[in-house]
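Secondary and tertiary structure notes
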Amino acid sequence: MKKIATLLALLPSMSLAHGGHAPVPESLHAVSHTGPLLGLALISVVLGAVLYQRWAS
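Residues numbered from 1 in each chain as written. Predicted model: local features only at pLDDT ≥ 70, side-chain atom pairs only at ≥ 80, totals over all residues. Heavy atoms only, no water.

**Quick look at the overall build of the protein chain**
- Within the protein chain one finds three helices and zero strands.
- For the protein chain, the succession of helices and strands along the chain, N to C, is α-α-α.
- Residues counted as buried form 9% of the 57 residues belonging to the protein chain.
- Carbon and sulfur atoms form 75% of the exposed surface of the protein chain, whose accessible area is close to 4,900 Å². (Helix = DSSP H or I, 4+ residues; strand = E, 2+ residues; numbered from the N terminus. Buried < 20%, exposed > 50% of the residue type's maximum accessible area, 1.4 Å probe, protein only. Areas by Shrake-Rupley, 256 points an atom, 1.4 Å probe, with all protein chains shown as cover.)

**Brief notes about the packing of aromatic side chains**
- Scanning all chains against the criterion turns up one aromatic pair.
- Ring geometry for Tyr52 against Trp55: centres 6.0 Å apart, planes inclined by 40°, an arrangement best described as tilted. Of this pair, Tyr52 and Trp55 are both found in helix 3 (residues 26-56), three residues apart, which corresponds to roughly one turn of the helix. Taken as a pair, Tyr52 and Trp55 share a single burial class, namely exposed. (Phe/Tyr/Trp six-rings, centres within 6.5 Å; stacked < 30°, edge-to-face > 60°.)

**Considering the confidence of the model for the protein chain**
- In the predicted model, the protein chain carries a mean pLDDT of 74, and 47% of its residues have values of at least 70.
- Here helix 2 (residues 12-17) stands out as the element of the protein chain with the lowest mean pLDDT, 55, in contrast to helix 3, whose mean of 85 is the highest. (pLDDT = per-residue confidence, 0-100.)

Written out as structure tokens, the structure reads:
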């Protein structure tokens, strides 16, 4: 319960997935939870590059 409460506070969408899906191999499980974070990081980097280009020109 403590783990779910922590996840709910930090990453609400990920906490709902725990216990809500069929058992999957650990390698796939880890990727399914880090995928959204990697996507957010990629979007942030691209947005930062675009804003920097606009600022520099």
